[in-house]
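Summary of the model geometry
Below, each chain spelled out in residue letters.
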Amino acid sequence: MSVLGGPVGGHYDVAVIGGGISGVQIARHAAGRGLRTVLLERNDFGAGTSAATTKAIHGGLRYLEQYDFRVVAESVSERRYLGLAAPHLVQPRSFLLTAYDWSAPRAPVLGAGVALYEAMAWRRNAGVPKDIRSPRFRWIGKKALLTQVPWLSPDGLTGAWRHDDTLNIHPERLLLAILKSYVADGGTALNHAEVTGLLRDDAGAVRGVRVNGHRDIAATVTVNAAGPWVASALGDLATTAGVRVRQAKGVHLVTRDLGNRDGVFVRGRNGRHIVVNPWQGKTLVGPTDTPMSGSADEAATEVEDINLLRETLDSVSATPLVREDVESTIVGVRPLIDDGSDTYTSSRRFEIRDHAPTGLPGLYSVTGGKWTTGRAMGQKVTDTLIRAHRGSLPPTRDFDSRHLDLSTSFGDYDTVTAAFEAAAARVPSADLPRDTRIHLARLYGTEHEAVLRLVVEDPRLATPVPGSSDILAQAVYAVTHEAAETLQDVLDRRMTVGTLGLVRETAARLVAATVAPLLGWEAERRDAEVAGYLGLQAAETAVLDEAFAPGSSR
Ligand SMILES: Cc1cc2nc3c(=O)[nH]c(=O)nc-3n(C[C@H](O)[C@H](O)[C@H](O)COP(=O)(O)OP(=O)(O)OC[C@H]3O[C@@H](n4cnc5c(N)ncnc54)[C@H](O)[C@@H]3O)c2cc1C
């Protein structure tokens, strides 16, 4: 268990279960309103569904097809607020909505949808730094499209609508940046801290949580934001509380760079929709969307998931995807609200549930939503519980996060380029190439200076981590300032190396050797961490090998 903020103890106004984007945003808003808040995450911050996204901060163009105007309107606003709060981590990405003569809707109808989508986002460039503003949508003819997207098959292709959404450049670091804003506002966050029970008073009201089976944390209000684990986090009380979540498994393939610079919405001949999204020198292909029962802990990429993505992509590609194209996979489970429709068309809106009517006053659960709308969820949940518990919570202050920089953002610059240029000139005594400085500025915002200072103190920490733009100083910072406890915390959620496909054994060993003394690991623990990490990768590789094996049924 590691702590950010703190110290831990005494009575809290709000305890939040779950350190995904929902829990982090709820905690941030509660602390922002002046409430004494603690967040408990059983694994690592952002290790659940929030790490498995398509990396889009988006309005959700496809939700227009379901007439879900409310979600689209909210999402396009939230997209802008996040972009304003952290322009170094949230930037425009153009997407190509492909049109075919064999599939509906045809190009004119798609164009009308894109026009409506953009009209709903009419304020999208207001206040946004000059160099990351979005142009208007436009039509790209077939010939130009085939040049831009080298793998597309010309069969039946008529062209594509090019429009802008935004890219969540590194969701794990953005989540950490939001978490740090929460801590800056007085919040406390614990990772590797599992809520194993609820504390109840004589009348049955929920009065806090038990952590890791032994530590009690008292709180006036408890908010369950455990994503797909929203029921299991309540243990035996889940049935009493009546918490339900619909789980949809989503898998992406991480491939070599397939060559398209814009994201491409693929509409496969099998009727499936996926995105082929350029990502840090690689391409993300996905996601799938399949209903899942059982524990989200068991979610794993299966041969069927890989084959579904291949079938969809190959149906519109000039050449089929081969094993050598694919490096790894990412899997996550969407915690959807149960609105009776199938998981793909199910609304991405969120729901806040007060459990007082089922005999558990003081407890709230949230389900649904998107990474993009986490801020709105945080604000609404906090408003709801302050209204309901006015008598038992202390007086609160105003907190409008819509126009607030994150605590590590660069602040007022005309352009993001200017912010990066200024950042690259800081701490000149750190012997690092310009590209590495920009990489660090992007990942850490203003805190990149602290990472640079580690290099000044110990120049060996400038050593690059193989297979990435990361350096060893980041591993040290992860442990000393960012509550990382395991090798996976460091590689996958503090650095970028673990998010870009397979991590090389040399990289895993180098990073493990760097953090071992800081975490008090003896050689045995250090080697076990490396073996555990590489073992997970090997299991994933085996599934990919099986899916692509000659004769494997598709
Ligand atoms: C494949 C895929 C692609 C997606 N793409 C996008 C996208 O491009 N853009 C977008 O906006 N949204 C996207 N989404 C949706 C988005 O990722 C989710 O809506 C969001 O991440 C859910 O966040 P959460 O905090 O509710 O859940 P989670 O991130 O899962 O967080 C819940 C946390 O609770 C913790 N927890 C569980 N039990 C306990 C316990 N007992 N005690 C303490 N902690 C506990 C878990 O460890 C976990 O970290 C995508 C989802 C998927 C699956």
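Residues numbered from 1 in each chain as written. Predicted model: local features only at pLDDT ≥ 70, side-chain atom pairs only at ≥ 80, totals over all residues. Heavy atoms only, no water.

The name given to the protein in an unreviewed UniProt entry is Glycerol-3-phosphate dehydrogenase, and the organism recorded there is Corynebacterium pollutisoli. UniProt, in its Cofactor (unreviewed entry) section for the protein, records the words "FAD". Check the Sequence similarities (unreviewed entry) section of the UniProt entry for the protein; it says "Belongs to the FAD-dependent glycerol-3-phosphate dehydrogenase family." (UniProt positions renumbered as here; feature names shortened; annotations may be inferred.)

**As for the domain arrangement of the protein**
Interface size, as often reported, equals the accessible area lost upon joining of the parts. Per the domain assignment, the segments making up the protein are domain 1 (2–49 + 172–245 + 348–403), domain 2 (92–168 + 246–335) and domain 3 (416–546). In this structure, domain 1 and domain 2 have C-alpha centres spaced 33 Å apart. Facing the twelve residues of domain 1 at the interface are ten residues of domain 2. The interface formed by domain 1 and domain 2 holds one salt bridge in total. The partner of R42 in a salt bridge is D297, and the shortest N-O contact between them spans 2.6 Å. Across the domain 1-domain 2 interface, the total number found is four residue pairs in polar contact (both at pLDDT 80 or more). (Domains from an automatic or database assignment. Contact = heavy atoms within 4.5 Å. Salt bridge = Lys/Arg side-chain N within 4 Å of Asp/Glu carboxyl O. Polar contact = N/O pair within 3.5 Å; in protein donor to acceptor, adjacent residues only side chain to side chain.)

**Some points on unusual backbone geometry**
Look at the link from A104 to P105: it is a cis peptide, with omega at -5°. Of the consecutive residues G286 and P287, the connecting peptide bond is found in the cis state with omega at 0°. Topologically, P287 is positioned in the loop between β15 (282–286) and β16 (290–292). Unlike most non-glycine residues, K55 shows phi in positive territory, near 70°. Residue classification places K55 among the buried positions, given a relative accessible area of 1%. Residues other than glycine seldom take positive phi values, yet Q280 does so here, at roughly 50°. By the secondary structure assignment, Q280 is in the loop between β14 (273–279) and β15. The partly exposed category is assigned to Q280, whose relative accessible area is 41%. (Helix = DSSP H or I, 4+ residues; strand = E, 2+ residues; numbered from the N terminus. Buried < 20%, exposed > 50% of the residue type's maximum accessible area, 1.4 Å probe, protein only.)

**What about the site of the ligand?**
As a structural note, the neighbourhood of the ligand is formed by 36 residues, with S22, E41, S50, A56 and T372 the closest of them. Contacts to the ligand include S22, whose side-chain N or O atom sits 2.7 Å from an oxygen atom. In the environment of the ligand, an oxygen atom lies 3.2 Å from a nitrogen or oxygen atom belonging to the backbone of G369. Calculation on the ligand without its partners gives an accessible area of 1,000 Å², and the protein chains cover 96% of this total. Only α1 (21–32), β12 (246–256) and β17 (326–336) provide two or more residues apiece to the shell around the ligand. Split by domain, the shell around the ligand shows at least three residues from each of two domains, domain 1 (2–49 + 172–245 + 348–403) and domain 2 (92–168 + 246–335). (Near = heavy atom within 4 Å. Areas by Shrake-Rupley, 256 points an atom, 1.4 Å probe, with all protein chains shown as cover.)

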